[in-house]
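Listed here are the chains, written in short residue letters.
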Amino acid sequence: MTIKQVKRILLIYAVIYIVLFIARAAYDLATFTDLDIDDNYNIYYTAERADIKAVSNYASVKMPIVADVAAAVGVLEQKYERIASIVSKTIDYDADIGQFNAVLEAHSAVIQMENRRGLPGGRRVDLTIGVRPESFDTMVAAISQIGAIISSSTTTTDKTYEYRQMLAEKETLERRRASYEELRLHGGSIPDLLQLEERIIDVESQIQQLMVGLGEYSDENALCTINYTIYEGAAAGTPRKLWNALKWSTMVYLMVIGITIVTIIAALVVVWSWNWLKKLLSDKPASAPPPEPPPAP
């Protein structure tokens, strides 16, 4: 390969890169209205949101079950926790907050945690919202239309086992309290009665704590959780758009170069293997002819 051919190949690849950059830059300048937000925003969001105390909401669903063909249909009550996490960004913070408040009111949801920070131009609000299970999906869809979504996820966790454990523990404590109260009826020394009274008070305290926890699972308090963050930023300017176009064109260009190099290497390996195989077959000595039979006597 001559130097002239090498220069021609390099020129072709340079033209490819320039065309990619110009095409992407033209597209971004014409259509790109994203926010000028740091690329590491998601990392910051995750770290800051982790410092906020989580709110636990639970819901339930009753499902018919049949143990066998002859058995009557029963009902299994499943307890579950459902959490949606949505992060949005906006260039019109006040209007989008107003739209969010309208969605909140339309779905009769409640704000359980609110954390506002920042000054105009860089404001942010973190919210934890409780919403009835039947309105969860529609509210998530409505919130997803506000601003521009950075990330969105929904997690559903079964809590039936934990709920049944709490019920079993409550029954155990109630039986223990009944036993202590029965012992109290039999009388005894004052120190023994005082010690027994302390045990009864301790058991009742544990039962009350369990009742509070079980109350979170009741149908009256059934809620699903939406963790929502909306972040304010300015519209991306021309330098930002050109930088994004440069990053995209460089990534695509390197992919093209990489695919080309891998293809050339694979072709060379195939050609070399084929030539080596042909040479191996051609160098193999021909088999000797069979000996002639001796002349007849």
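This text goes with the structure placed above it.
Keep in mind that what you see is a predicted model, and the values were worked out from it rather than measured.

Help me out: how do you make sense of the overall build of the protein in this one?
Secondary structure summary: the protein contains seven helices and six strands in total. Counting the 297 residues in the protein, one finds 27% classified as buried. Looking at the protein alone, contacts between residues at least 24 apart form 78% of all its contacts between residues at least 6 apart. Total accessible area on the protein is roughly 19,900 Å²; 62% of this is exposed by carbon and sulfur atoms.

Looking at this structure, how should I read the packing of aromatic side chains?
In the structure shown here, the tally under the stated rule is four aromatic pairs. Consider the rings of tyrosine 17 and tyrosine 253, whose centres lie 5.0 Å apart with planes at 70°: the pair is edge-to-face. Here tyrosine 17 is found in helix 1 (residues 3-31), whereas its partner tyrosine 253 is found in helix 7 (residues 238-282), with 236 residues between them in sequence. Lying across the ring of tyrosine 163, lysine 79 places its NZ or CZ 4.9 Å from the centre.

Would you take a moment to explain the pairing of strand 6 (residues 224-232) for this structure?
The side chains of a regular strand alternate between both faces of the sheet. Here strand 6 lies mainly inside the structure; eight of its nine residues are buried. Inspection of the sheet shows strand 4 (residues 124-131) paired to strand 6 by eight bridges, in the antiparallel sense. From the neighbouring strand, isoleucine 129 faces strand 6, where its bridge partner is isoleucine 226.

Is there a simple way to explain the nonpolar core in this structure?
Within soluble globular proteins, side chains that are nonpolar generally end up buried alongside one another. Core analysis: the largest hydrophobic core is formed by 24 residues, its most contacted members being Phe100, Ile129, Met139, Ile143, Ile226 and Tyr228. Those elements that place two or more of their residues in this core are strand 2 (73-90), helix 3 (93-106), strand 4, helix 4 (136-143) and strand 6. Per-element accounting of this core gives the leading share, five residues, to helix 3. Look past the residues within four positions of isoleucine 143 in its chain and what remains in contact with it is Ile86, Phe100, Val103, Ile129, Ile226 and Tyr228. Core analysis: the second largest hydrophobic core is formed by 12 residues, Tyr163, Leu196, Ile207 and Leu210 among them.

Procedures and definitions
- Residues numbered from 1 in each chain as written.
- Predicted model: local features only at pLDDT ≥ 70, side-chain atom pairs only at ≥ 80, totals over all residues.
- Heavy atoms only, no water.
- Helix = DSSP H or I, 4+ residues; strand = E, 2+ residues; numbered from the N terminus.
- Buried < 20%, exposed > 50% of the residue type's maximum accessible area, 1.4 Å probe, protein only.
- Contact = heavy atoms within 4.5 Å.
- Areas by Shrake-Rupley, 256 points an atom, 1.4 Å probe, with all protein chains shown as cover.
- Phe/Tyr/Trp six-rings, centres within 6.5 Å; stacked < 30°, edge-to-face > 60°.
- Lys NZ or Arg CZ within 6 Å of the ring centre and 35° of its normal.
- Pairing = 2+ DSSP bridges.
- Core = buried A, V, L, I, M, F, W, Y, C linked by side-chain atoms within 4.5 Å.

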